[in-house]
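One letter stands for each residue in the lines below.
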Amino acid sequence: MTSLADTPLADTPLPAPRSARHSRPARGGRHAAVRPPAGRPPATGTHRAPGTLPIESWLLMGKTRQGALLASLVAIGIVLLAMPAEQRRDGFDAVNAAAQAVAGVQTEAPRRAAPPPASKDDEDDEAAATPAGDKAPEKAEPAPAKPAASPSAPAAEATEAARKDQPGAGPGKSLRTTGSEVVALTFDDGPDPVQTPKILDLLEEYQVKATFCLVGAQVVRHPDIVRQIVAAGHTLCNHTWDHSLTIGKDEPAEIKADLDRTNAAILTAVPTAKIPFFRAPGGNFTERLVGVAGGSGMTSLYWQVDPRDWEHPEKETEPQHIARVIKDVRDQVRPGSIVLSHDFNQPATIVAYEKLLPWLTENFTLGIPAEEPADRPVTPPAAEPTPTDTPAPDAVDPAATVKPPADS
């Protein structure tokens with residue numbers, strides 16, 4: 001290390017001497033001091049101890065790398081002397097790091113041993129040392145493991161499927177299944193003077209009883225077909241007066257008036273007829289609609305199997321349509337199913353049932369859905385309505401008066 005005596009001070013300004021006796025000799029060394037006369041002390045502030053430098057010289061030495069290192073070490077020594085003894089140990093690492101930074105030396109940081117795991121007593125002491133107003137930091141808890149796929153998922157799906165198979169699982173708590181092993185065939189939107197007699201003949205051939213959901217306006221036009229249905233032992237169902245797809249949104253009084261008008265037309269054709277069921281056009285049941293129908297003694301009848309026999313895509317040929325209806329019924333039907341079909345203006349449906357009835361009677365028991373409440377007759381209104389805007393039945397073409405429905 002360079003000694004203080006060898007440090008060049010050519011650029012260091014020194015205070016001018018106050019008198020000639022304090023002047024330095026021109027030669028003989030830069031730090032040679034003038035010895036005062038014997039017996040006289042030196043004047044205060046005019047002399048420095050040998051080998052010392054003014055503070056300005058120390059600051060100027062920081063311009064060089066070695067000088068900066070020396071100045072840092074001196075400053076650190078002063079700080080350490082002034083630091084309490086118990087804090088010196090922790091300061092050594094910082095001092096070393098500062099000295100290395102000044103000298104441009106990098107060394108690997110010392111590795112510290114991992115602290116031992118805290119015991120229960122240490123945790124209690126730490127909790128006791130925490131001030132009441134300062135909440136101790138909470139320990140991070142491990143993230144919960146993602147649960148594995150539940151092995152009961154198939155069971156849940158089976159439960160949901162079983163729920164949908166319940167009789168009252170239809171919209172508005174309507175009847176979705178028969179409530180037994182019986183498969184029920186239902187035919188909507190008639191009576192049709194051409195197609196209904198054809199399906200009646202097929203049902204008679206295979207000794208099958210079905211349910212016919214009748215539209216009131218068609219009943220007025222073809223009361224003789226209604227009488228054929230009842231005489232063959234089939235069951236009747238109210239399908240509103242004019243196939244209103246929005247009747248479920250009407251006020252209860254309007255709903256009741258529509259259903260009563262349809263029942264009155266049926267009872268006009270067959271006074272002894274029973275009408276145990278009601279079906280909303282399009283299956284658009286609401287709880288209000290189901291409630292009004294129930295108040296009139298009719299169970300709301302939905303379905304489980306819908307071959308969409310009313311739908312005729314543009315590029316679908318009639319043989320393709322018939323094959324699709326047959327396939328859909330065979331794929332979807334199972335014990336307890338209610339099957340939706342149409343006898344109004346659907347000749348392809350009749351052809352499809354020529355193939356379906358032999359297969360259905362061989363594999364299932366066909367019949368009528370269970371009634372809730374069972375077998376309650378409908379009381380006809382006091383005055384039988386006589387529609388003033390409907391022509392006589394023989395003068396009306398059914399295909400021209402009631403358009404095929406969108407879906408039922």
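Residues numbered from 1 in each chain as written. Predicted model: local features only at pLDDT ≥ 70, side-chain atom pairs only at ≥ 80, totals over all residues. Heavy atoms only, no water.

A. Region of the structure containing the packing of helix α6 (residues 195–205) against helix α8 (residues 223–231). Contact pair α6 / α8: the axes reach a minimum separation of 10 Å and the direction vectors enclose 10°. Overall, the two elements α6 and α8 adopt an arrangement that is roughly parallel. Within the contact between the two elements, α6 uses Thr196, Pro197 and Leu200 and α8 uses Ile225, Gln228 and Ile229. Across the contact of α6 with α8, the residue classes break down as four nonpolar, two polar and no charged. (Axes fitted to C-alpha atoms, helices over the stretch in contact; angles between N-to-C directions. Helix = DSSP H or I, 4+ residues; strand = E, 2+ residues; numbered from the N terminus. Parallel < 35°, antiparallel > 145°, perpendicular 65-115°, else oblique. Contact = heavy atoms within 4.5 Å. Nonpolar A, V, L, I, M, F, W, Y, C, P; charged D, E, K, R; others polar.)

B. Region of the structure containing a negative patch on the surface. Residues Asp201, Glu204, Glu205 and Glu354 make up a contiguous surface patch of negative charge. A total of three residues in the negative patch trace back to one element, the largest contributor, which is α6. Tracing the chain through its elements places Asp201 in helix α6. Given the relative accessible area of 54%, Asp201 is considered exposed. (Patch = residues over 30% accessible without salt bridge, like charges linked within 9 Å, V, L, I, M, F, W, Y side chains within 5 Å. Areas by Shrake-Rupley, 256 points an atom, 1.4 Å probe, with all protein chains shown as cover. Salt bridge = Lys/Arg side-chain N within 4 Å of Asp/Glu carboxyl O. Lys, Arg positive; Asp, Glu negative; His and termini not counted. Charge placed at Lys NZ, Arg CZ, Asp CG, Glu CD. Buried < 20%, exposed > 50% of the residue type's maximum accessible area, 1.4 Å probe, protein only.)

C. Local environment of the pairing of strand β6 (residues 338–342). Across the five residues that make up β6, a large majority, five, are buried. Residue alternation in β6 divides its side chains into two sets, Ile338, Leu340 and His342 and Val339 and Ser341, and both sets are buried.

D. Structural context of the state of the cysteines. Evaluated as defined, the whole model comprises zero disulfides. Take Cys213: it sits in no disulfide, and the sulfur closest to it among the cysteines is that of Cys237, at 3.0 Å. By relative accessible area, Cys237 is classed as buried at 0%. (Disulfide = S-S within 2.5 Å.)

E. Just unusual backbone geometry, in detail. Residue Gly190 is joined to Pro191 through a cis peptide bond whose omega torsion reads 5°. Turning to its location among the elements, Pro191 is positioned in the loop between β1 (182–190) and α6. Even without being glycine, Gln207 reaches a positive phi, approximately 55°. Relative to the helices and strands, Gln207 resides in the loop between α6 and β2 (211–214).

F. Fine view of the packing of helix α9 (residues 252–269) against helix α10 (residues 287–295). Relative orientation of the contacting elements α9 and α10 amounts to 50°, with a least axis distance of 10 Å. Classed by the angle they form, the pair α9 and α10 counts as oblique. Between α9 and α10 lies a crossing whose hand is right-handed. Here Pro252, Ile255, Lys256 and Leu259 of α9 come into contact with α10, specifically with Arg288, Leu289, Val292 and Ala293. In terms of residue class, the contact of α9 with α10 is built from six nonpolar, no polar and two charged. (Left-handed = near helix turned anticlockwise from the far one by under 90°.)

G. Spotlight on the environment of Gly190. Secondary-structure assignment places Gly190 in strand β1. Those residues in contact with Gly190 that lie beyond four places of it in its chain are Cys213, Leu214, Val215, Gln218, Asp343 and Phe344.

H. Main features of the nonpolar core. Ranked by internal contacts, the top residues of the largest apolar core, which has 63 residues, are Leu185, Leu203, Phe212, Tyr353 and Leu360. Here this core gets eight residues from one element, more than from any other, and that element is helix α12 (residues 347–363). Not counting residues up to four positions away in its chain, the partners in contact with Tyr353 are Leu185, Phe187, Ile199, Leu202, Val339, Ser341, Pro358 and Leu360. (Core = buried A, V, L, I, M, F, W, Y, C linked by side-chain atoms within 4.5 Å.)

I. Inspection of the pattern of salt bridges at higher detail. Summed over the entire model, instances satisfying the criterion amount to six salt bridges. With a closest N to O distance of 2.8 Å, Arg279 and Asp188 form a salt bridge. Here Asp188 lies in strand β1 and Arg279 lies in the loop between β4 (277–278) and α10, a separation of 91 residues in the sequence. Here Arg324 and Asp328 are joined by a salt bridge, their closest N and O atoms 4.0 Å apart. Of this pair, Arg324 and Asp328 are both found in helix α11 (residues 318–332), four residues apart, which corresponds to roughly one turn of the helix. Each of Glu316, Arg324 and Asp328 takes part in one network of salt bridges that share partners.

J. Focus on the confidence of the model for the chain. For the chain, the average pLDDT comes to 74, and 52% of its residues sit at 70 or higher. Low pLDDT (under 50) marks residues 17–23, which in the prediction has seven contacts with non-local residues, meaning those over four places away or in another chain. Predicted confidence is poor over residues 128–137, with pLDDT under 50, and the contacts of this stretch with residues over four places away or in other chains come to one contact. (pLDDT = per-residue confidence, 0-100.)

K. Seen up close, the packing of aromatic side chains. Per the stated rule, a full pass over the model turns up six aromatic pairs. Sitting over the ring of Trp241, Arg261 keeps its end group 3.8 Å from the ring centre. (Phe/Tyr/Trp six-rings, centres within 6.5 Å; stacked < 30°, edge-to-face > 60°. Lys NZ or Arg CZ within 6 Å of the ring centre and 35° of its normal.)

L. Representation of α6 within the structure. Within α6, burial applies to Gln195, Thr196, Pro197, Ile199, Leu200, Leu202 and Leu203. Where α6 is buried, its residues touch β1, β2, α8 and α12. A positive backbone phi angle near 55° is found at Gln207, which sits one or two residues after α6.

M. Here's a closer look at α11. Taking 1.5 Å as the rise per residue, α11 with 15 residues should run 21 Å; its terminal C-alpha atoms sit 21 Å apart, in good agreement. For α11, every residue scored as buried is listed here: His321, Ile322, Arg324, Val325, Ile326 and Val329. Those residues of α11 that are buried are in contact with β6 and α12. (Expected span 1.5 Å × (residues − 1).)

N. Examining the environment of Pro191 more closely. Overall, Pro191 belongs to the buried group, its relative accessible area being 0%. Considered as a pair, Pro191 and Ala217 are 26 residues apart in the sequence and their alpha carbons are 9.6 Å apart.

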